[in-house]
Amino acid sequence: MKRAFKYRFYPTDAQVAELSRTFGCVRKVYNMALQARTEAWTLRAERVNYNQTSAMLTAWKKTEELAYLNEVSSVPLQQALRHLQTAFTNFFAKRAKYPRFKSKKKSRASAEYTTSAFRFHDGQLTLAKMSEALDIVWSRPLPEGETPSTVTVSRDSAGRWFVSLLVDDPSVRSLPAADTAVGVDAGLDHLLTLSTGEKIINPRHERRDRDRLARTQRRLARKVEGSANQAKARKAVARIHARIADRRRDTLHKLTTRLVRENQTIVIEDLTVRNLLKNHKLARAISDAAWSQFRSMLEYKSGWYGRELVVVDRWFPSSKLCSNCGAFQDKMPLNVRTWTCGCGTTHDRDVNAANNLLAAGLAASVCGAGVRPQRRTPGGQSVMKQKPLQREP
C-alpha cells in the first residue's frame with residue numbers, strides 16, 4: 001500500500017532560493033500549458049494531450065524569453081504537465097470542474113520530484129540541483145527498508161516548509177474482522193454523536209483563536225499595500241490559520257482512526273456541505289467542524305484497513321423518524337433537541353438520528369449496492385424518491 005509520510009524541514013538560504021525558483025517555474029509551465037490547451041479547443045476545436053504539451057515545454061526552453069526554465073530540474077516541470085492532464089481527465093469524466101490557473105498568492109507552492117530527480121541514502125534526502133541534503137525533522141520513522149518513489153516539497157502560506165515522501169508501507173493491511181457497526185451523526189453542538197449514545201464534544205478550534213485572529217487581521221488591514229510590513233502581517237495571519245488547521249486535522253485523525261479500528265461497518269450521512277455553507281448564520285461553525293475532511297479521512301482509512309463505509313442519502317430523514325417504531329414526524333426544527341414519539345419513547349435528537357442512520361446503512365449493506373432505504377408515512381405511502389445509496393469501499 002502506497003502511503004505518504006509528511007515531515008517539516010528547514011532549508012538553507014540557497015535551498016530556499018532554488019525551491020522558490022522551482023515553484024515559480026512549475027506555476028509558469030502549468031499556466032502556459034493550460035492556456036495552450038484552452039485556446040486549442042476554443043479556437044480550433046482541437047484536443048491537446050500530455051505528449052503535445054511536453055513537446056511545447058521543450059520548445060519553450062529554447063526561446064530567449066523562457067530560457068530560465070533550464071535553470072531548474074526538468075522533472076517538476078514534467079510532473080506539472082502530468083497533473084494538468086489528470087485535471088483534464090477528471091473534468092471530462094465530470095468528477096471535477098474545469099482546471100484553473102495557478103495564482104502566486106493563493107495557490108499552493110509545491111514541486112514534485114520522481115526517483116530520477118532526488119537521492120535518498122541513509123536518511124538523507126538530496127534534491128536535484130542541490131548540493132546539500134534537506135534538514136528534515138524525522139518526527140516518525142519511514143517503513144524500514146523502503147525507499148521513496150515520489151517526493152513532494154511544499155511551502156504553506158505561513159512560510160513553513162514540508163516534504164512528503166511516498167513509500168510502500170507494509171504495515172497498512174486489513175484489520176481482523178470485527179462484529180461491531182456504528183452510525184455517526186455529525187453536528188455542531190457535538191462534533192459527532194454515535195449510535196452507542198456517546199457524544200464527542202466539538203473543540204471549536206476556530207472560536208478559541210477568533211479574538212486573536214481578528215486583532216491580527218485588523219493590523220493587516222492598516223498596512224500599506226505592497227509594503228514589507230504588510231507581508232509580515234499577512235504571514236502572522238497565516239500562522240494563526242495554520243495553527244487552527246493543524247489542531248483540527250489532529251482531532252479528526254484521532255477520531256477517524258478510532259472509529260475505523262473499533263468498527264467493521266461505519267454509517268454516515270451524505271451531507272452537502274457546499275449548500276449548507278449558504279446559511280450565513282451557521283457557515284463559520286460548519287467550516288470549523290470540517291465535515292468534508294472527516295468523511296475524506298474515513299473513506300481512505302476504511303480502504304486501508306478493510307472496513308466498510310456506508311453513506312446514506314442526504315434526503316433520508318434520520319432526525320424525523322422514531323428509531324423505535326418508525327413513525328415519521330412532519331416537522332423537526334433545529335431547536336428541538338429532545339422529543340417524545342407517539343409510542344411513548346423519548347428521543348435525544350442526535351442519538352436517534354445516529355440509530356436511524358445505522359439501521360438504514362445496515363439494511364442497504366445487506367440488500368447490496370444501489371438500494372436506498374425509504375421512509376414511509378404511517379399510511380404506507382412513500383414520501384421520497386428512490387435514489388441509489390452512495391457507498392464507498
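- Under the annotation held in an unreviewed UniProt entry, the chain carries the name RNA-guided endonuclease TnpB family protein and is attributed to Actinomadura fulvescens.

## Quick look at the side chain of Ser318
So, point 1. By the secondary structure assignment, Ser318 is in the loop between β12 (308–312) and β13 (338–340).
So, point 2. Ignoring sequence-local partners within four residues, the contact set of Ser318 consists of Glu269, Asn352, Ala353, Asn356 and Leu357.

## A few points about the sheet that holds strand β7 (residues 161–168)
So, point 1. Overall, antiparallel pairing links the five strands, which are arranged β2-β6-β7-β1-β5 in an open sheet. For this open sheet the edge positions go to β2 (109–114) and β5 (136–137), each flanked by a neighbour on one side alone.
So, point 2. Direction of pairing for strand β1 (residues 2–9) relative to β7: antiparallel, over a ladder of eight bridges. Paired with Lys6 across the two strands is Ser164, which belongs to β7.
So, point 3. Of the strands in this sheet, β1, β2, β6 (150–155) and β7 touch helix α1 (residues 13–44), which is tilted by about 95 degrees from β2.

## Considerations on helix α2 (residues 50–61)
So, point 1. The terminal C-alpha atoms of α2 lie 17 Å apart, and with 12 residues this matches the ideal 16 Å at 1.5 Å per residue to within 8%.
So, point 2. Within α2, burial applies to Tyr50, Thr53, Ser54, Leu57, Trp60 and Lys61. Take α2 and look down its axis: the buried residues cluster within an arc of 115 degrees, on one side only.
So, point 3. By the N-cap criterion, in which a side-chain oxygen at the helix start approaches the backbone nitrogen of a residue two or three places on, α2 is capped by Asn49, the distance to Asn51 being 3.2 Å.

## Here we look at the pairing of β1
So, point 1. Every second residue of β1 is oriented toward a common face, the buried set being Arg3, Phe5, Tyr7 and Phe9 and the non-buried set Lys2, Ala4, Lys6 and Arg8.
So, point 2. Pairing of β1 with β5, which is carried by two bridges, proceeds in the antiparallel orientation. By the bridge assignment, Phe9 is partnered in β5 with Ile136.

## Topic: the side chain of Asp270
So, point 1. Relative to the assigned elements, Asp270 resides in the loop between β11 (265–269) and α7 (273–276).
So, point 2. Asp270 gets classed as buried once you look at its relative accessible area, which sits at 6%.
So, point 3. A polar contact is formed between the side chain of Asp270 and the side chain of Arg314, at a distance of 3.2 Å.

## Remarks on the packing of α1 against helix α3 (residues 74–92)
So, point 1. The N-to-C vectors of α1 and α3 enclose an angle of 40 degrees; their axes lie 9 Å apart at closest approach. Here α1 is positioned oblique relative to α3, judged by the angle of their axes. Crossing geometry of α1 relative to α3 is assigned as right-handed. Here Thr22, Cys25, Val26, Val29, Tyr30, Ala33, Leu34 and Arg37 of α1 lie close against α3, whose contacting residues are Pro76, Leu77, Ala80, Leu81, His83, Leu84, Gln85, Ala87 and Phe88.
So, point 2. Each residue belonging to the contact of α1 with α3 can be placed in one class, and the counts come to 13 nonpolar, three polar and one charged.

## Remarks on the packing of aromatic side chains
In this description, an aromatic ring pair is defined by two values, namely the gap between the centres and the angle between the planes.
So, point 1. Under the definition given, this model contains 10 aromatic pairs.
So, point 2. Their ring planes at 65 degrees and their centres at 6.3 Å tell us that Phe120 and Trp138 sit as a pair that is edge-to-face. With Phe120 in strand β3 (residues 118–121) and Trp138 in the loop between β5 and β6, the pair connects residues that are 18 residues apart, well separated along the chain.
So, point 3. You can call Phe120 partly exposed: its relative accessible area is 21%.
So, point 4. A connected cluster of aromatic rings, assembled from ring pairs, spans Phe88, Phe91, Phe92 and Tyr98.
So, point 5. Of note, Arg47 hangs over the ring of Trp41, and the distance from its end group to the ring centre comes to 5.8 Å.

The rules we used
- Residues numbered from 1 in each chain as written.
- Predicted model: local features only at pLDDT ≥ 70, side-chain atom pairs only at ≥ 80, totals over all residues.
- Heavy atoms only, no water.
- Helix = DSSP H or I, 4+ residues; strand = E, 2+ residues; numbered from the N terminus.
- Contact = heavy atoms within 4.5 Å.
- Pairing = 2+ DSSP bridges.
- Axes fitted to C-alpha atoms, helices over the stretch in contact; angles between N-to-C directions.
- Expected span 1.5 Å × (residues − 1).
- Buried < 20%, exposed > 50% of the residue type's maximum accessible area, 1.4 Å probe, protein only.
- Arc of directions from axis to C-beta.
- Polar contact = N/O pair within 3.5 Å; in protein donor to acceptor, adjacent residues only side chain to side chain.
- Parallel < 35°, antiparallel > 145°, perpendicular 65-115°, else oblique.
- Left-handed = near helix turned anticlockwise from the far one by under 90°.
- Nonpolar A, V, L, I, M, F, W, Y, C, P; charged D, E, K, R; others polar.
- Phe/Tyr/Trp six-rings, centres within 6.5 Å; stacked < 30°, edge-to-face > 60°.
- Lys NZ or Arg CZ within 6 Å of the ring centre and 35° of its normal.

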